[in-house]
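Next come the chains, spelled out residue by residue.
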Amino acid sequence: MVETPTRLASPTPVKESVPSSLRPTVFWRIAEDIPPQLSRTLMVLSVVVPLVLWWGLSHLPGVNTTFLPSPEAVIAALGRLWEKGFLVKDTQMSILRVSIGFALSIIV
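Not measured: the values here are computed from a predicted model.

Here we come to the overall build of the chain. Along the backbone of the chain there are three helices and zero strands. N-terminal to C-terminal, the α/β element order of the chain is α-α-α. Within the chain, the fraction of its 108 residues that count as buried is 3%. Summing over all exposed atoms, the chain offers an accessible surface of approximately 10300 Å²; the carbon and sulfur share of this is 69%.

Written as C-alpha coordinates, this is what we have:
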(Lines give C-alpha, C1' and ligand atoms only; values in the text may rest on other atoms or scores of the structure.)
Protein backbone atom coordinates (compact mmCIF):
# COMPACT_ATOMS: atom_id res chain seq x y z
CA MET A 1 0.00 0.00 0.00
CA VAL A 2 1.41 3.37 -1.05
CA GLU A 3 0.77 6.36 1.07
CA THR A 4 0.07 9.60 -0.67
CA PRO A 5 1.60 12.61 0.96
CA THR A 6 -0.92 14.69 2.74
CA ARG A 7 -0.94 18.34 2.15
CA LEU A 8 -0.39 20.46 5.18
CA ALA A 9 -2.61 23.42 5.52
CA SER A 10 -0.71 26.61 4.90
CA PRO A 11 -0.27 28.56 8.08
CA THR A 12 -2.34 31.63 8.35
CA PRO A 13 -0.22 34.75 8.01
CA VAL A 14 0.44 36.43 11.28
CA LYS A 15 0.23 40.17 11.08
CA GLU A 16 2.62 41.66 13.53
CA SER A 17 2.36 45.22 14.56
CA VAL A 18 5.62 47.04 13.91
CA PRO A 19 6.42 49.94 16.17
CA SER A 20 6.64 53.21 14.29
CA SER A 21 10.29 53.58 15.27
CA LEU A 22 11.12 50.38 13.33
CA ARG A 23 9.13 51.10 10.20
CA PRO A 24 11.25 51.36 7.06
CA THR A 25 12.66 54.80 6.49
CA VAL A 26 14.50 56.14 3.51
CA PHE A 27 17.76 54.78 5.01
CA TRP A 28 16.51 51.20 5.29
CA ARG A 29 14.66 50.61 2.04
CA ILE A 30 16.42 48.00 -0.02
CA ALA A 31 16.67 48.24 -3.81
CA GLU A 32 15.29 51.74 -4.02
CA ASP A 33 17.08 54.81 -5.25
CA ILE A 34 18.32 57.29 -2.71
CA PRO A 35 16.49 60.60 -3.13
CA PRO A 36 18.72 63.12 -4.96
CA GLN A 37 18.74 65.65 -2.10
CA LEU A 38 19.78 62.98 0.42
CA SER A 39 22.41 61.67 -1.98
CA ARG A 40 23.98 65.11 -2.39
CA THR A 41 23.86 65.72 1.36
CA LEU A 42 25.56 62.40 2.11
CA MET A 43 28.24 63.06 -0.51
CA VAL A 44 29.05 66.47 0.96
CA LEU A 45 29.03 65.16 4.53
CA SER A 46 31.29 62.24 3.61
CA VAL A 47 33.99 64.77 2.68
CA VAL A 48 33.31 67.58 5.16
CA VAL A 49 32.95 65.52 8.36
CA PRO A 50 36.32 63.70 8.09
CA LEU A 51 38.09 66.97 7.18
CA VAL A 52 36.55 68.79 10.15
CA LEU A 53 37.44 65.90 12.48
CA TRP A 54 41.01 65.84 11.14
CA TRP A 55 41.34 69.60 11.57
CA GLY A 56 39.87 69.50 15.07
CA LEU A 57 41.97 66.59 16.28
CA SER A 58 45.18 68.00 14.81
CA HIS A 59 44.68 71.27 16.68
CA LEU A 60 44.15 69.71 20.10
CA PRO A 61 46.83 70.58 22.63
CA GLY A 62 49.35 67.82 23.13
CA VAL A 63 48.92 66.27 19.67
CA ASN A 64 52.27 65.47 18.10
CA THR A 65 52.27 66.96 14.58
CA THR A 66 54.66 64.23 13.43
CA PHE A 67 51.87 61.69 13.86
CA LEU A 68 48.88 63.88 13.00
CA PRO A 69 49.79 66.92 10.92
CA SER A 70 47.15 69.56 10.33
CA PRO A 71 45.44 69.83 6.94
CA GLU A 72 47.19 73.17 6.43
CA ALA A 73 50.61 71.55 6.95
CA VAL A 74 49.77 68.75 4.51
CA ILE A 75 48.64 71.21 1.82
CA ALA A 76 51.81 73.30 2.35
CA ALA A 77 53.97 70.16 2.05
CA LEU A 78 52.18 69.16 -1.16
CA GLY A 79 52.90 72.62 -2.57
CA ARG A 80 56.59 72.34 -1.71
CA LEU A 81 56.81 68.84 -3.26
CA TRP A 82 55.10 70.11 -6.42
CA GLU A 83 57.44 73.10 -6.73
CA LYS A 84 60.54 70.92 -6.39
CA GLY A 85 59.20 68.37 -8.87
CA PHE A 86 59.19 65.51 -6.36
CA LEU A 87 55.42 65.01 -6.32
CA VAL A 88 55.14 63.82 -9.92
CA LYS A 89 58.24 61.59 -9.67
CA ASP A 90 57.15 60.05 -6.36
CA THR A 91 53.61 59.49 -7.66
CA GLN A 92 54.96 57.73 -10.76
CA MET A 93 57.15 55.47 -8.62
CA SER A 94 54.23 54.64 -6.34
CA ILE A 95 52.06 53.72 -9.32
CA LEU A 96 54.91 51.56 -10.65
CA ARG A 97 55.29 49.74 -7.31
CA VAL A 98 51.54 49.12 -7.07
CA SER A 99 51.46 47.85 -10.67
CA ILE A 100 54.37 45.48 -10.03
CA GLY A 101 52.68 44.19 -6.88
CA PHE A 102 49.43 43.68 -8.75
CA ALA A 103 51.23 41.85 -11.58
CA LEU A 104 53.00 39.59 -9.08
CA SER A 105 49.71 38.82 -7.34
CA ILE A 106 48.20 37.76 -10.68
CA ILE A 107 51.15 35.45 -11.36
CA VAL A 108 50.98 33.85 -7.93
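How two helices pack is summed up by the angle between their axes together with the distance between the axes. Relative orientation of the contacting elements helix α2 (residues 71–84) and helix α3 (residues 86–107) amounts to 95°, with a least axis distance of 5 Å. Put simply, α2 runs roughly perpendicular to α3. Counting all contacts with α2, which are made through Leu78, Leu81, Trp82 and Lys84, the residues of α3 involved are Phe86, Leu87 and Val88. Looking at the contact of α2 with α3 residue by residue, the class counts come to six nonpolar, no polar and one charged.

Moving on, we come to α2. For α2, spanning 14 residues, the distance from its first C-alpha to its last is 20 Å, which sits close to the expected 20 Å at 1.5 Å a residue. Looking one or two residues past α2, Gly85 carries a phi angle of roughly 85°, positive in sign.

One can find Ser70 in the loop between α1 (36–58) and α2. Apart from residues lying up to four places away in sequence, Ser70 is in contact with Trp54, Ser58 and His59.

This brings us to a nonpolar patch on the surface. A cluster of nonpolar side chains, contributed by Met93, Leu96, Ile100, Leu104, Ile107 and Val108, occupies part of the molecular surface with about 640 Å² of accessible area. The topology assignment puts Ile100 in helix α3. For Ile100, a relative accessible area of 46% translates into the label partly exposed.

Among the structural elements, Ser58 can be located in helix α1. Overall, Ser58 belongs to the buried group, its relative accessible area being 7%. Look past the residues within four positions of Ser58 in its chain and what remains in contact with it is Val63, Leu68, Pro69, Ser70 and Pro71.

Let's shift gears to the packing of α1 against α2. Axis separation between α1 and α2 bottoms out at 9 Å; the angle between their running directions is 100°. When the axes of α1 and α2 are compared, the pair comes out roughly perpendicular. Residues Trp54, Trp55 and Ser58 of α1 lie in contact with α2, whose contacting residues are Pro71, Glu72 and Val74. Its residues assigned to classes, the contact of α1 with α2 comprises four nonpolar, one polar and one charged.

Calculation criteria
Residues numbered from 1 in each chain as written. Predicted model: local features only at pLDDT ≥ 70, side-chain atom pairs only at ≥ 80, totals over all residues. Heavy atoms only, no water. Helix = DSSP H or I, 4+ residues; strand = E, 2+ residues; numbered from the N terminus. Buried < 20%, exposed > 50% of the residue type's maximum accessible area, 1.4 Å probe, protein only. Areas by Shrake-Rupley, 256 points an atom, 1.4 Å probe, with all protein chains shown as cover. Axes fitted to C-alpha atoms, helices over the stretch in contact; angles between N-to-C directions. Parallel < 35°, antiparallel > 145°, perpendicular 65-115°, else oblique. Contact = heavy atoms within 4.5 Å. Nonpolar A, V, L, I, M, F, W, Y, C, P; charged D, E, K, R; others polar. Expected span 1.5 Å × (residues − 1). Patch = residues over 30% accessible without salt bridge, like charges linked within 9 Å, V, L, I, M, F, W, Y side chains within 5 Å. Salt bridge = Lys/Arg side-chain N within 4 Å of Asp/Glu carboxyl O.

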